[in-house]
Amino acid sequence: MTRSVRPLVVTSLVAVLSTGLLALAVARGWLGVDTGRGANFCEAAGGLVRQPANTFSNAGFVLVGLGIAWHAGRRARLGATLSARPALASAYAVTVVLLGPASAAMHATQSEAGGLLDLTSMYLVASFAAAYAAMRWWRLGTSVFVTAFVALVGTCEVVGASGGSVPVVHHPGNLAFGILLLAAVALEIAIRVRGELRTDLRYGAVALGSMAVAFVIWNLAQHGWCDPASPLQGHAVWHLLSAVAAYFLFRLYASEAAASSRNQMVSSEPETPVAGIW
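Residues numbered from 1 in each chain as written. Predicted model: local features only at pLDDT ≥ 70, side-chain atom pairs only at ≥ 80, totals over all residues. Heavy atoms only, no water.

*Asks:* Sorry if this is basic, but what is going on with the state of the cysteines here?
*Replies:* Among covalent bonds in proteins, the disulfide is the one between the sulfur atoms of two cysteines. This structure, assessed with the given rule, holds one disulfide. Shown here is the disulfide that connects Cys42 with Cys226, its sulfur atoms set 2.0 Å apart. Between Cys42 and Cys226, the S-S torsion sits near 100 degrees, and that sign places the bridge as right-handed. Here Cys226 lies in the loop between α9 (201-220) and α10 (234-254) and Cys42 lies in the loop between α1 (6-28) and α2 (52-56), a separation of 184 residues in the sequence. (Disulfide = S-S within 2.5 Å. Helix = DSSP H or I, 4+ residues; strand = E, 2+ residues; numbered from the N terminus.)

*Asks:* Before we go on, may I ask you to explain the nonpolar core in this structure?
*Replies:* One recurring pattern in soluble globular proteins: nonpolar side chains tend to sit buried together. Core analysis: the biggest nonpolar cluster contains 39 residues, and Leu82, Tyr92, Tyr132 and Phe250 have the highest contact counts within it. Taken together, the elements giving at least two residues each to this core come down to α3 (59-72), α5 (86-109), α6 (112-137), α7 (142-160), α8 (172-194) and α10. The greatest single-element share of this core, amounting to 11 residues, is contributed by α6. With sequence-adjacent residues up to four places away left out, Phe250 is seen in contact with Ile68, His71, Ala72, Leu78, Leu82, Ala89 and Tyr92. Ranked by size, the runner-up nonpolar core spans seven residues in total, among them Leu22, Val26, Leu31 and Ala104. (Core = buried A, V, L, I, M, F, W, Y, C linked by side-chain atoms within 4.5 Å. Buried < 20%, exposed > 50% of the residue type's maximum accessible area, 1.4 Å probe, protein only. Contact = heavy atoms within 4.5 Å.)

*Asks:* Can you walk me through α1 in this structure?
*Replies:* Because each turn of an α-helix spans 3.6 residues, side chains separated by three or four positions in sequence point in the same direction. Taking 1.5 Å as the rise per residue, α1 with 23 residues should run 33 Å; its terminal C-alpha atoms sit 33 Å apart, in good agreement. Among the residues making up α1, those that are buried are Pro7, Thr11, Ala15, Ser18, Leu22, Ala25 and Val26. Gly29 sits one or two residues past α1 and shows a positive phi near 70 degrees. (Expected span 1.5 Å × (residues − 1).)

*Asks:* Just checking my understanding: could you explain the packing of aromatic side chains for this structure?
*Replies:* What describes a pair of aromatic rings is the distance from one ring centre to the other and the angle between the planes of the rings. Considering all chains together, one arrives at 12 aromatic pairs under this definition. Ring centres 6.2 Å apart and planes at 10 degrees place the aromatic pair Tyr92 and Phe250 in the stacked group. Here Phe250 lies in helix α10 and Tyr92 lies in helix α5, a separation of 158 residues in the sequence. Both residues of the pair, Tyr92 and Phe250, belong to the buried class. Note on Trp218 and Trp238: the rings are 6.2 Å apart at their centroids and 50 degrees apart in plane angle, and the pair reads as tilted. Here Trp238 lies in helix α10 and Trp218 lies in helix α9, a separation of 20 residues in the sequence. Here Trp218 matches Trp238 in class, with each residue buried. (Phe/Tyr/Trp six-rings, centres within 6.5 Å; stacked < 30°, edge-to-face > 60°.)

*Asks:* Sorry, what's going on with the environment of Val97 here?
*Replies:* Assignment of secondary structure puts Val97 in helix α5. In this structure the C-alpha to C-alpha distance between Val97 and Gly60, which are 37 residues apart in sequence, comes to 8.8 Å. When residues no more than four places from it in sequence are discounted, the contact partners of Val97 are Thr11, Val14, Ala15, Ser18, Phe61, Val62, Gly65 and Leu66.

*Asks:* Quick question: what am I supposed to make of a nonpolar patch on the surface here?
*Replies:* Taken together, the side chains of Val5, Val9, Leu13 and Leu17 define a hydrophobic patch exposed on the protein surface, amounting to about 390 Å² of accessible area. Tracing the chain through its elements places Val5 in the segment before α1. Judged by its relative accessible area of 55%, Val5 falls in the exposed class. (Patch = residues over 30% accessible without salt bridge, like charges linked within 9 Å, V, L, I, M, F, W, Y side chains within 5 Å. Areas by Shrake-Rupley, 256 points an atom, 1.4 Å probe, with all protein chains shown as cover. Salt bridge = Lys/Arg side-chain N within 4 Å of Asp/Glu carboxyl O.)

*Asks:* Explanation requested: the side chain of Ser127 in the structure shown.
*Replies:* For Ser127, the position within the fold is in helix α6. For Ser127, a relative accessible area of 0% gives the class buried. The contact partners of Ser127, leaving out residues within four places of it in the chain, are Phe149, Leu152, Val153, Cys156 and Leu180.

*Asks:* Explain the packing of α6 against α7 here, please?
*Replies:* Angle between the axes and distance between the axes are the two parameters that describe a pair of packed helices. It is the contact of α6 with α7, at a shortest axis distance of 8 Å, that shows an interaxial angle of 140 degrees. As judged from the angle between their axes, α6 and α7 are oblique. The two elements α6 and α7 cross, and the hand of that crossing is right-handed. Between α6, through Thr120, Tyr123, Leu124, Ser127, Phe128, Ala130, Ala131, Tyr132 and Met135, and α7, the contact on the second element is made entirely by Thr142, Phe145, Ala148, Phe149, Leu152, Val153, Cys156, Glu157 and Gly160. (Axes fitted to C-alpha atoms, helices over the stretch in contact; angles between N-to-C directions. Parallel < 35°, antiparallel > 145°, perpendicular 65-115°, else oblique. Left-handed = near helix turned anticlockwise from the far one by under 90°.)

*Asks:* How do you make sense of unusual backbone geometry when you look at a structure like this?
*Replies:* For residues that are not glycine, phi is negative in most cases, and the peptide bond is trans in most cases. Residues other than glycine seldom take positive phi values, yet Gln110 does so here, at roughly 55 degrees. Counting through the fold element by element, Gln110 comes out in the loop between α5 and α6. Phi at His170 is positive, roughly 70 degrees, even though this residue is not glycine. Exposure remark for His170: the relative accessible area of 29% places this residue in the partly exposed category.

*Asks:* Can you walk me through the pattern of salt bridges in this structure?
*Replies:* Any two side chains of opposite charge can pair, given that their charged atoms come close. Across all of its chains, the model carries seven salt bridges by this definition. With a closest N to O distance of 2.9 Å, Arg37 and Glu112 form a salt bridge. Of this pair, Arg37 sits in the loop between α1 and α2 while Glu112 sits in helix α6; the two residues are 75 residues apart in sequence, bridging distant segments of the chain. Note on Arg37: relative accessible area 17%, which makes it buried.

So this is what it looks like as structure tokens:
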């Protein structure tokens, strides 16, 4: 089976450049002064990297993004939609990688600019999931996906900049992120129920379960379950579980096949002879 190295090369370059730029930005103060952005996530601030555990746990996103890129290089192993549009698999890998340094920017500096990068990376991945599901539900092309993706990210940016506080999730940008993920889940279920495209729901269950547990921990880490001096931080666990969810969401995409193709595969398998009682 031939493998294209392009997705891994492109994603690796993005990983190296974005992580390198973050290191320079932290060392040289490019992101601005510490304004306490993200200080509500428990970990005590100190040193050049303000929140070490919450910062370095974002390496999970980079590693998962590279793993997705490695998988994306084998087109024959991609799902029906991704095999026809392999650039989307690479785009998803890059998006997941960028979650790492963008989120780390906030936790490493507690600056306003770092907080904006963190939110934008969340908008990117949630908009990807929602736009990709919408494209397949309405049987549209890649240009529509791109348009929807850009529009959703822009809408999230506007909502996030509106200010104010929201119950439970606090920031309006977090609410926009959550709504897009729920919309993506609803559309994925609708696609599966319609029956034209079949996916391995075990991957979807792991992705959804990981995010659900991560969200519980995200809340607990801000309300009682908090030791600022501990190297084990609940928000760091949120990062790692979210990376797991991102990986299994891709595996869900990669498992997709047209229902007719699945039926042909099943019908072409030889019947197992029934053993006699003797």
